[in-house]
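Chain residues, written in single-letter form:
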Amino acid sequence: METLDLQFIDSVLDKYDHDKAKIIAIMQDVQAKYRYLPQEALEYIAKQLGMSESKLYGVATFYGNFSLDA
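Notes on the structure follow.

The rules behind the values
Residues numbered from 1 in each chain as written. Predicted model: local features only at pLDDT ≥ 70, side-chain atom pairs only at ≥ 80, totals over all residues. Heavy atoms only, no water. Axes fitted to C-alpha atoms, helices over the stretch in contact; angles between N-to-C directions. Helix = DSSP H or I, 4+ residues; strand = E, 2+ residues; numbered from the N terminus. Left-handed = near helix turned anticlockwise from the far one by under 90°. Contact = heavy atoms within 4.5 Å. Nonpolar A, V, L, I, M, F, W, Y, C, P; charged D, E, K, R; others polar. Phe/Tyr/Trp six-rings, centres within 6.5 Å; stacked < 30°, edge-to-face > 60°. Buried < 20%, exposed > 50% of the residue type's maximum accessible area, 1.4 Å probe, protein only.

## Here we look at the packing of helix H2 (residues 23–34) against helix H3 (residues 39–49)
- At a minimum axis distance of 12 Å, the contact between H2 and H3 shows a crossing angle of 145 degrees. H3 is crossed by H2, and the crossing has right-handed handedness. Along its contact with H2, which presents Ile23, Ile26, Met27 and Val30, the element H3 presents Ala41, Leu42, Ile45 and Leu49.
- Residues that form the contact of H2 with H3 fall into these classes: eight nonpolar, no polar and no charged.

## Details of the packing of aromatic side chains
- Taken as a whole, this structure holds three aromatic pairs when the rule is applied.
- Here Tyr63 and Phe66 contribute two aromatic rings whose centre-to-centre distance is 6.5 Å and whose plane-to-plane angle is 85 degrees, an arrangement assigned as edge-to-face.
- Exposure remark for Tyr63: the relative accessible area of 35% places this residue in the partly exposed category.
- Of the aromatic side chains, those joined through ring pairs into one cluster are Phe62, Tyr63 and Phe66.

## Observations regarding unusual backbone geometry
- Backbone geometry places Asp17, a non-glycine residue, at a positive phi of 55 degrees.
- Its place among the elements puts Asp17 in the loop between helix H1 (6–15) and H2.
- Asp17 sits in the exposed class, given a relative accessible area of 59%.

## Considering the environment of Val12
- Tracing the backbone through its elements, the reader meets Val12 in helix H1.
- Distance in space between the C-alpha atoms of Val12 and Ala25 is 9.1 Å, their sequence separation being 13 residues.
- Contact partners of Val12, with chain neighbours within four places excluded, come to Ile26 and Asp29.

Structure below.
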């Protein structure tokens, strides 16, 4: 399992100005690096954006192009 690169995730969040409205783009960038959305990444993103983890999981499971499995 690949170690979560928090600097990378922080750079993605900075790229989108920590804007909750851009959560899909943020998640797409993270998935592009890892080829899926690691649970730890979703937890970190939720904390950094002040969102609930369940909200992020809801977005990830609603859109078919996101994968939660490696």
